[in-house]
Amino acid sequence: MIEHDQLLVEAARVARMYYYQNLTTELIAQQLNVSRSKVSRLLSFAKQQGLVEIRVHDPQRHPQPLEAEIQRRYEVAAKVVSTPHAATPSERLEQVTRFAANYLNALVKDAHVLALSWGTTLSVMSQHLVALERSALAVVQLSGAGNLYHGSSLYAADIIRRFANNYGAKTHLLPVPAYFDTASTRRALWRERSLQPLFALHRRSDVALFSLEGVHRGRPRRIYTRGYLSAHDMNALGAAGVVGSFATVFYPIDGDHRRVALNDRSSGPDLDVFRAVPRRLCVLSGQGKVRSLHAALTGGLVSDLVTDDTTAEALVGLYDRHNRLSEDDFG
């Protein structure tokens, strides 16, 4: 029985690499350090056992070790994508987003509302979408994107439309700045009748798709360095101990976004409301984002996670270090 269960685990792993990541049997054999004939036998076994139909069905009782570790620690559904040891960050991101595109298809149903953030990860993922018709699906943008120095509004709209077109869905854009100059401006605009249908879609979303940004010593990575924030804003983030952001909303290591003053000017969603979305799929690759991911998982922002094996290993290690520190505090 144990041998059969282990074969199921190995077969599912090979099937994911072959069908989701589009790797050849030769590349799979190299990564797993096995023969090509064994890869072929495992693929055949996967089909015989019903693990593979049109898409890959993982045996839920036998997840990969890293998936099991993440699920146990954070109580989320985790999918860990195997990548070559020498893979570059962009290669890992390609494989993770390719897998996530298939995974998303299993979550999105007819008449659902799909809420999307935007950024590099979702832009790459939008290039790997697998066409699927979903009747009466609505795709809505989670946060604004505009600033004075970068054409991010068009960039974000393009990403949202690619997802909508893939499913034959209606697009609902949020045409506002990423951050407002003052909190009072945001409050006034949020009362406008024209925006209420968008906020209603946010509240009744069935699936949310997003990635996270890392923040190190008050310095947000990538998109936040392109004219969104002033030096004063950066200093305030550092003073608040911010480690990450989701859809333009910042949070510290404990995940409590309410004590970050800059969020009063953000166009992003209320995270307390966001946590009520049934499926919240985070797609993330990169060890530089691990602290951000740990805080988001601890804060209950994520229900489903797709990441690569290197990032997963770093995440598990960070969780264990935090737990040891907590035990020492009370020891």
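An account of the accompanying structure is given in this report. (Residues numbered from 1 in each chain as written. Predicted model: local features only at pLDDT ≥ 70, side-chain atom pairs only at ≥ 80, totals over all residues. Heavy atoms only, no water.)

Two residues of an α-helix separated by three or four positions point the same way, owing to the 3.6 residues in each turn. Along helix H2 (residues 25–32), the residues that are buried comprise Thr25, Ile28 and Ala29. Angular distribution of buried residues about the axis of H2 spans 100°; they occupy a single face of the element. Positioned one or two residues after H2, Asn33 has a phi angle of 60°, which is positive. (Buried < 20%, exposed > 50% of the residue type's maximum accessible area, 1.4 Å probe, protein only. Helix = DSSP H or I, 4+ residues; strand = E, 2+ residues; numbered from the N terminus. Arc of directions from axis to C-beta.)

Generally speaking, nonpolar side chains in soluble globular proteins are found buried as a group. Ranked by internal contacts, the top residues of the largest apolar core, which has 46 residues, are Ile70, Leu212 and Phe246. Ranked by residue count, the leading element in this core is helix H13 (residues 309–330), at six residues. In this structure Phe246 touches Leu142, Phe210, Ser211, Leu212, Tyr251, Pro269, Leu271 and Phe274, once residues within four positions along its chain are discounted. Formed by 43 residues, the second largest nonpolar core is a distinct cluster that contains Ala101, Leu122, Tyr179 and Val215. (Core = buried A, V, L, I, M, F, W, Y, C linked by side-chain atoms within 4.5 Å. Contact = heavy atoms within 4.5 Å.)

A word on the sheet that holds strand S5 (residues 207–210). Read across the sheet, seven strands follow the order S1-S11-S10-S5-S2-S3-S4 without closing on themselves; strand pairing throughout is parallel. Among the strands making up the open sheet, the edge pair consists of strand S1 (77–81) and strand S4 (170–172). Taking each pair of neighbouring strands and ignoring which way they run, the sheet shows an average axis angle of 20°. For strand S2 (residues 113–116) and strand S3 (residues 138–141), the ladder comprises four bridges, and the chain directions are parallel. (Pairing = 2+ DSSP bridges. Axes fitted to C-alpha atoms, helices over the stretch in contact; angles between N-to-C directions.)

Here we come to the packing of H2 against helix H3 (residues 36–48). Direction vectors running N to C along H2 and H3 enclose 110°, while the axes themselves pass 8 Å from each other. With respect to H3, the axis of H2 lies roughly perpendicular. On H3, the residues that touch Thr25, Glu26, Ile28 and Ala29 of H2 are Arg36, Val39 and Leu43. Of the residues in the contact of H2 with H3, the class split is four nonpolar, one polar and two charged. (Parallel < 35°, antiparallel > 145°, perpendicular 65-115°, else oblique. Nonpolar A, V, L, I, M, F, W, Y, C, P; charged D, E, K, R; others polar.)

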